[in-house]
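# Observations on chain architecture
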Amino acid sequence: FTRGGGGVPVASLAGDNRMVYIEDWDTFYAEAEKLYLDHPAHTRYSLKYRHTDGKVLLKVTNDRVCLQYQTDQQQDLKRIEKLNNIFITRMCGRDPEADAAEGAEGSASKGDKPVSSEEPGSKKRRGKR
């Protein structure tokens, strides 16, 4: 039974709007990335820290599917940072896998010394004279 011929079940629109958290990080990560790749123009990503609980809340939604994850473990911050970087990179229109491969090539081909426009013996003067 659907509402208005849109194909969306009435139960999901009316009384079934519960906030359900995904317990497993790997499942959340895979589903969140899949949701973004399927609907990049409609997907939103939210990160919130609740000081009273000491928890980080992540939410990825496209208004039809809502994925949520919460944690109070400090070890999960690296995982969250990686997901955040992937979402930001994708939302800027770049592919994170291509950027990682490009970065590995670039660092291997460059020399150890950084390129500087200054002469070796010159000093920059800053402040009042």
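Residues numbered from 1 in each chain as written. Predicted model: local features only at pLDDT ≥ 70, side-chain atom pairs only at ≥ 80, totals over all residues. Heavy atoms only, no water.

Before going further, it helps to spend a moment on the nonpolar core. Counting 16 residues, the largest nonpolar core has Trp 25, Phe 28, Tyr 45, Leu 58, Val 60, Leu 83 and Phe 87 as its most contacted members. Listed by contribution, the elements that provide at least two residues to this core are helix 2 (25–38), strand 2 (55–61), strand 3 (66–71) and helix 3 (76–91). At six residues, the largest contribution of residues to this core is made by helix 2. Residues contacting Phe 87, with those up to four places away along its chain left out, are Ala 32, Tyr 36, Tyr 45 and Val 60. (Core = buried A, V, L, I, M, F, W, Y, C linked by side-chain atoms within 4.5 Å. Buried < 20%, exposed > 50% of the residue type's maximum accessible area, 1.4 Å probe, protein only. Helix = DSSP H or I, 4+ residues; strand = E, 2+ residues; numbered from the N terminus. Contact = heavy atoms within 4.5 Å.)

A separate point is the packing of helix 2 against helix 3. It is at 12 Å that the axes of helix 2 and helix 3 come closest, and there the two elements cross at 5°. When the axes of helix 2 and helix 3 are compared, the pair comes out roughly parallel. Within the contact between the two elements, helix 2 uses Trp 25, Phe 28, Tyr 29, Ala 32, Glu 33, Tyr 36 and Leu 37 and helix 3 uses Arg 79, Ile 80, Lys 82, Leu 83, Ile 86, Phe 87, Arg 90 and Met 91. Looking at the contact of helix 2 with helix 3 residue by residue, the class counts come to eleven nonpolar, no polar and four charged. (Axes fitted to C-alpha atoms, helices over the stretch in contact; angles between N-to-C directions. Parallel < 35°, antiparallel > 145°, perpendicular 65-115°, else oblique. Nonpolar A, V, L, I, M, F, W, Y, C, P; charged D, E, K, R; others polar.)

Our next topic: helix 3. If you check helix 3, its first and last C-alpha atoms are 22 Å apart, about what 16 residues at 1.5 Å a residue would give, namely 22 Å. Looking only at helix 3, the buried set comprises Asp 76, Ile 80, Leu 83, Ile 86, Phe 87, Thr 89 and Arg 90. Positive backbone phi, at 90°, marks Gly 93, one or two positions downstream of helix 3. (Expected span 1.5 Å × (residues − 1).)

Quick look at the pairing of strand 1 (residues 44–50) now. Of the pairings in the sheet, the one linking strand 1 to strand 2 comprises seven bridges and is antiparallel in character. Within strand 2, the position partnered with Lys 48 by the bridge is Leu 57. Between the antiparallel neighbours strand 1 and strand 2 lie four residues, among them Gly 54 with a positive phi of about 70°. (Pairing = 2+ DSSP bridges.)

This brings us to the environment of Gln 73. Relative to the helices and strands, Gln 73 is located in the loop between strand 3 and helix 3. Residue class for Gln 73 comes out partly exposed when judged on its relative accessible area of 42%. In this structure the C-alpha to C-alpha distance between Gln 73 and Val 56, which are 17 residues apart in sequence, comes to 8.8 Å.

Okay, the pattern of salt bridges next. Close approach of charged atoms lets side chains of opposite charge pair. Throughout the structure, instances matching the rule amount to five salt bridges. The closest approach of N and O atoms between Asp 38 and Lys 34, which form a salt bridge, is 3.4 Å. Here Lys 34 and Asp 38 lie together in helix 2, a separation of four residues that amounts to about one turn. Since its relative accessible area comes to 45%, Asp 38 is described here as partly exposed. The residue Arg 44 makes a salt bridge to Asp 63 at a minimum N-O spacing of 3.0 Å. (Salt bridge = Lys/Arg side-chain N within 4 Å of Asp/Glu carboxyl O.)

Scored by pLDDT, the chain has a mean of 76; 62% of the residues are at 70 or more. For residues 1–15, every residue scores under 50 in pLDDT, and the model assigns this stretch 13 contacts once sequence neighbours within four places are set aside. (pLDDT = per-residue confidence, 0-100.)

Turning next to the sheet that holds strand 1. Read from one edge to the other, the open sheet built from three strands follows the order 1-2-3, with strand pairing classed as antiparallel. On the outer flanks of this sheet lie strand 1 and strand 3, each paired with one strand and no other. Averaged over all pairs of adjacent strands, the angle between their axes in this sheet comes to 15°, without regard to strand direction. As defined by bridge partners, strand 2 adjoins strand 3 across six bridges and the pair is classed as antiparallel. Each bridged residue has a counterpart across the sheet, and for Leu 57 the counterpart in strand 3 is Gln 70. Those strands touched by helix 3 are strand 1, strand 2 and strand 3, and its axis lies near 150° from that of strand 1.

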